[in-house]
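# Results of the structural survey
Here are the chains, one letter per residue:
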Amino acid sequence: MSNCDTRAASNALETARLLRVDPDGTVSVAAEDMMFPNGSVITDDGTLLVCETFGNRITAFDIADDGSLTGRRVWAEFGPVPTERDLEPLLAQVVVGPDGCGLDAEGALWVADAVGGRVIRVKEGGAIDFSIEPGIGVFACMLGGEDGRTLFLCAAPDFHEDARKQAREGSLRAVRVEVPHAGLP
C-alpha cells in the first residue's frame, strides 16, 4: 500500500487516494477520499488500519484474499472531519493528527500525534488510554526491541520540510511500555 497522490491546488489540500502495488508492479486505486493517509498497520486478523492525519480519524479496511480493500469504516475518531482546506485553518480543526503508528498485542494502536507533540495509545473506538509528551513533535512511532516493548519515537521540532532541511534537530527516542508489538509491520 502507498499513501501517495495527495493533490494540492495552490495551498488548498484535497483528499487523496490510497494506492495498492501488486508484486508484479501493477498499481491500482485501493481507496479514495482519504484525508492525508499516513501511517498504517495490518492487524493479526487481516485488517488494514490507516491513519488519516488531517481527518481526525483512523480508518479500517478488511483485506480480501485478492488484496483488495472492503468494509471501510472508522476505527477511531477524535473529532469531526475538518471543513477547511487551507493548511493553517485546517490544522486548527485537527484534534489528533494521527501520523506514524504501531500495533500492540492487546489490539491498541500507538499513534504519533503530528499536531499535538505527543504519542498516544488508542483503542478501537477512539479512547486514548495513555499519552507520552516528550517535549518535541512526534511524527512516527513503532514498537520493537528484543522483547517488542520498546516504543521508538521519531521526533523533530515541527514538520516544516524547508526548516528541517537546514537543521539537524531530529531525534530517535525510546520509551519502555508494558504491552509488546503485534501485527505488521
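Heads up: these notes are all about the structure in this document.

Parameters and conventions
Residues numbered from 1 in each chain as written. Predicted model: local features only at pLDDT ≥ 70, side-chain atom pairs only at ≥ 80, totals over all residues. Heavy atoms only, no water. Helix = DSSP H or I, 4+ residues; strand = E, 2+ residues; numbered from the N terminus. Buried < 20%, exposed > 50% of the residue type's maximum accessible area, 1.4 Å probe, protein only. Core = buried A, V, L, I, M, F, W, Y, C linked by side-chain atoms within 4.5 Å. Contact = heavy atoms within 4.5 Å. Pairing = 2+ DSSP bridges. Salt bridge = Lys/Arg side-chain N within 4 Å of Asp/Glu carboxyl O. Disulfide = S-S within 2.5 Å. Axes fitted to C-alpha atoms, helices over the stretch in contact; angles between N-to-C directions. Polar contact = N/O pair within 3.5 Å; in protein donor to acceptor, adjacent residues only side chain to side chain.

### Here we look at the overall build of the chain
Tallying secondary structure elements over the chain gives two helices and 14 strands in all. Evaluated residue by residue, the chain yields a buried proportion of 43% over its 185 residues.

### As for the nonpolar core
By size, the foremost hydrophobic cluster in this structure holds 15 residues, and its most contacted members are Leu-49, Ile-58, Trp-75, Phe-78, Leu-109, Val-111 and Val-122. The set of elements that each furnish at least two residues to this core consists of strand S5 (47-52), strand S6 (57-63), strand S7 (69-77), strand S8 (98-103), strand S9 (109-113) and strand S10 (118-122). Beyond its immediate sequence surroundings of up to four residues, Trp-75 is in contact with Leu-49, Ile-58, Thr-59, Ala-60, Gly-107, Leu-109, Val-122, Lys-123, Glu-124, Gly-125 and Gly-126. The next biggest cluster of nonpolar side chains, apart from the first, holds 10 residues, and it includes Ala-112, Val-119, Cys-141 and Leu-143.

### A closer look at the pairing of strand S2 (residues 12-21)
Where S2 meets strand S3 (residues 27-34), five bridges bridge the pair, whose relative direction is antiparallel. Bridging from a neighbouring strand, Val-21 pairs with Val-27 of S3. Once S2 ends, the chain turns through five residues before running back antiparallel as S3, passing Gly-25 with a positive phi of about 95 degrees.

### Some points on the pattern of salt bridges
All told, the structure shown has nine salt bridges when counted by the stated rule. Across the pair Asp-62 and Arg-73 runs a salt bridge whose closest N-O atoms are separated by 3.1 Å. Of this pair, Asp-62 sits in strand S6 while Arg-73 sits in strand S7, placing them 11 residues apart in sequence. A salt bridge links Asp-104 to Arg-121; the nearest nitrogen and oxygen atoms lie 2.7 Å apart. With Asp-104 in the loop between S8 and S9 and Arg-121 in strand S10, this residue pair connects regions lying 17 residues apart in the sequence. A residue is classified by how much of its surface remains accessible, and Asp-104, at 1% relative accessible area, is buried. Look at the salt bridges and you will find they share partners, linking Asp-104, Glu-106, Arg-121, Lys-123 and Asp-129 into a network.

### Remarks on the state of the cysteines
Evaluated as defined, the whole model comprises zero disulfides. Unpaired in this structure, Cys-51 has its nearest cysteine sulfur neighbour in Cys-101, at a distance of 3.8 Å. By relative accessible area, Cys-101 is classed as buried at 4%.

### What to know about the sheet that holds S6
Spatially, S4-S5-S6-S7 is the arrangement adopted by the four strands of the open sheet, whose pairing is antiparallel. Whereas interior strands pair on both sides, the edge strands pair on one side only; in this sheet they are strand S4 (37-42) and S7. Strand after strand, the sheet turns through a mean of 25 degrees between neighbouring axes, direction not considered. Pairing analysis gives six bridges linking S6 to S7, with the strands arranged antiparallel. Its bridge partner lying in S7, Thr-59 is registered against Val-74.

### Let's talk about the environment of Glu-52
By the secondary structure assignment, Glu-52 is in strand S5. We classify Glu-52 as buried; its relative accessible area is 0%. Along the chain, Glu-52 and Asp-99 lie 47 residues apart, while their C-alpha atoms are 7.3 Å from each other. Residues contacting Glu-52, with those up to four places away along its chain left out, are Asp-33, Met-34, Met-35, Phe-36, Arg-57, Thr-59, Arg-72 and Pro-98. Within the structure, the side chain of Glu-52 is placed 2.6 Å from the backbone nitrogen of Met-35, a separation counted as a polar contact.

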